[in-house]
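# Examining the three-dimensional arrangement
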Amino acid sequence: MKNLLDFTLEELQSWMKENGESAFRAKQIFSWIYNEVWNYDDMKNIPNSLKHKLKDNFYIGIPKIEEVYESSLDGTKKMLLRFNDGNIIESVIMQYKHGNSICISTQVGCRMGCKFCASTLGGRVRDLTCGEILSQVIIGKKICGDRISNIVLMGSGEPLDNFDNVMKFLKIVNADYGLNIGQRHITLSTCGIVPKIIELADKEMSITLAISLHAFSDEKRKEIMPIANKYSITEILDACRYYIDKTGRRITFEYSLVSGVNDGKEDARSLAKILKGMLCHVNLIPVNEIKENTLKRPSKKVIEEFEEILKSNGIEVTVRREMGADINAACGQLRKSYIESAK
Ligand code: SAH
C-alpha cells in the first residue's frame with residue numbers, strides 16, 4: 001500500500017493510465033483530498049470500480065490527531081500527530097494579522113545535536129516522507145478552519161538532511177492542484193549544510209532561506225552546534241551569497257540568544273561585521289529554556305542592546321515574538337514531554 005499524498009499529479013496520472021483509467025481522475029481525486037474528503041466512498045464523481053482499485057493500492061495518509069493544545073495567550077495551536085507506525089510529531093499553527101502560518105516538522109527527531117534544542121535529544125528516528133510533511137499542512141488547514149497562507153519548515157528535523165522528500169513536498173504544496181501556497185510564503189530553516197544550500201540555490205525557487213547561525217565565529221558556533229565542525233561560517237556565508245545571486249531572495253539569519261554564551265556587545269558587533277553588505281535580515285530568538293540543559297535566556301535589557309548594536313551597524317533585525325509560551329510550543333518540547341509522560 002502506498003500513501004496517495006506521496007504522489008505528484010503527474011505520477012498519479014501515469015498510474016491511472018497504466019491501470020486502464022483516465023488521467024483526469026487524478027485531478028478529481030486530489031481535489032477531494034485537498035478539500036478534506038479523506039474517504040474514497042465520499043468521492044462522488046469517482047466510479048465504484050476505480051474506488052475499489054484505489055482501496056487496493058493506496059491509503060490517504062492523514063495522521064491521527066493525538067492532541068491539540070491552544071494557547072490562551074495568543075490562540076497559537078499546537079498539534080501532536082501520530083502516524084501509522086506510531087511515531088509522533090508536532091506542528092504549530094500561529095495566527096497573525098496577515099494570515100495563518102504553520103510551522104512543520106521534516107523528520108521524527110533530529111541528528112544535528114544543537115545544544116539548546118529539545119528535538120535532537122533522542123536523535124533522529126526517521127525521515128518524514130513528502131506526504132507526511134504535506135499532511136501537516138492539510139490537517140492544519142482543517143484545524144484552523146481557514147486558509148494557511150505561510151509555511152515555515154522550522155519544526156523538528158533538519159530539512160536539508162531530508163532533501164528529496166522536502167523538495168517534492170515544496171513542489172506539491174505549491175502546485176495549483178495541491179494547496180497552492182506560493183514559494184514566497186514558504187521559509188526553509190537549516191543549520192547550514194553547505195552542499196545542500198548550493199543544490200537548493202540551483203533550483204532557483206523563490207522560497208526564503210533561513211540560516212541558524214547563532215554565533216559569529218566558528219569557535220563559538222562549535223560550542224553549541226556540532227555541524228560547525230563540518231562547515232565553517234565563511235563557507236556558509238559564501239553559499240548564502242550564491243543563493244542570493246541565484247534567487248534574488250533576502251536571507252534570514254536566526255540567532256538564538258543564550259545568556260553568557262553569545263549575547264555580549266562584542267558578539268553583536270562581530271556579527272554585524274560578518275553580515276555587513278549582505279542582503280539579509282537577522283531574527284533574534286531569546287533561547288527557549290528546556291529542562292535538559294542549563295542554558296538561559298538573556299534579560300530584556302541585554303536583548304535590546306544586542307538589537308540596537310545590529311541596527312546601528314546597518315543590519316536589519318527583529319526580535320522573534322514568542323508564541324504559545326503557555327503550551328510548550330517551542331522546538332520539540334511538547335513531543336518529548338508527551339512521549340515521556342506516556343512511558
Ligand atoms: N534544523 C533546522 C530547523 C529546525 S529548528 C535548523 O536548524 O534551522 C528552528 C530554529 O529554532 C533554529 O534556528 C533552531 O536553532 C532554533 N531553536 C531550536 N531550539 C531552540 C531553543 N530551545 N530556543 C531557541 N531557538 C531554538
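Everything numeric in this text was worked out from a predicted model, so none of it was measured.

Another point: the pattern of salt bridges. Considering all chains together, one arrives at 25 salt bridges under this definition. Where E132 meets R126, a salt bridge forms, and the shortest distance between an N and an O atom there is 2.9 Å. Residue R126 is classed as partly exposed on the basis of its relative accessible area, which comes to 22%. Between E305 and K265 there is a salt bridge, and its shortest N-O distance comes to 4.0 Å. Taken together, the residues span a long stretch of sequence, with E305 in helix α10 (residues 300-312) and K265 in helix α9 (residues 265-275) at a distance of 40 residues. Note on K265: relative accessible area 45%, which makes it partly exposed.

Our next topic: the site of the ligand. Around the ligand, a shell composed of 18 residues is seen, among which F116, S189, S212, H214 and N288 lie nearest. At 2.6 Å from an oxygen atom of the ligand is found a side-chain nitrogen or oxygen belonging to S189. Notes on the ligand: free accessible area 530 Å², of which the protein chains cover 95%. Mapped onto the shell around the ligand, the elements with two or more residues apiece are β10 (186-190) and β12 (251-257).

Take unusual backbone geometry next. For E36, which is not a glycine, the phi torsion comes out positive at approximately 70°. One can find E36 in the loop between α2 (24-34) and α3 (48-57). Here the phi dihedral of H214 falls at roughly 65°; this positive angle occurs in a residue that is not glycine. Tracing the backbone through its elements, the reader meets H214 in the loop between β11 (208-212) and α7 (218-224). Judged by its relative accessible area of 3%, H214 falls in the buried class.

Thresholds applied
Residues numbered from 1 in each chain as written. Predicted model: local features only at pLDDT ≥ 70, side-chain atom pairs only at ≥ 80, totals over all residues. Heavy atoms only, no water. Salt bridge = Lys/Arg side-chain N within 4 Å of Asp/Glu carboxyl O. Buried < 20%, exposed > 50% of the residue type's maximum accessible area, 1.4 Å probe, protein only. Helix = DSSP H or I, 4+ residues; strand = E, 2+ residues; numbered from the N terminus. Near = heavy atom within 4 Å. Polar contact = N/O pair within 3.5 Å; in protein donor to acceptor, adjacent residues only side chain to side chain. Areas by Shrake-Rupley, 256 points an atom, 1.4 Å probe, with all protein chains shown as cover.

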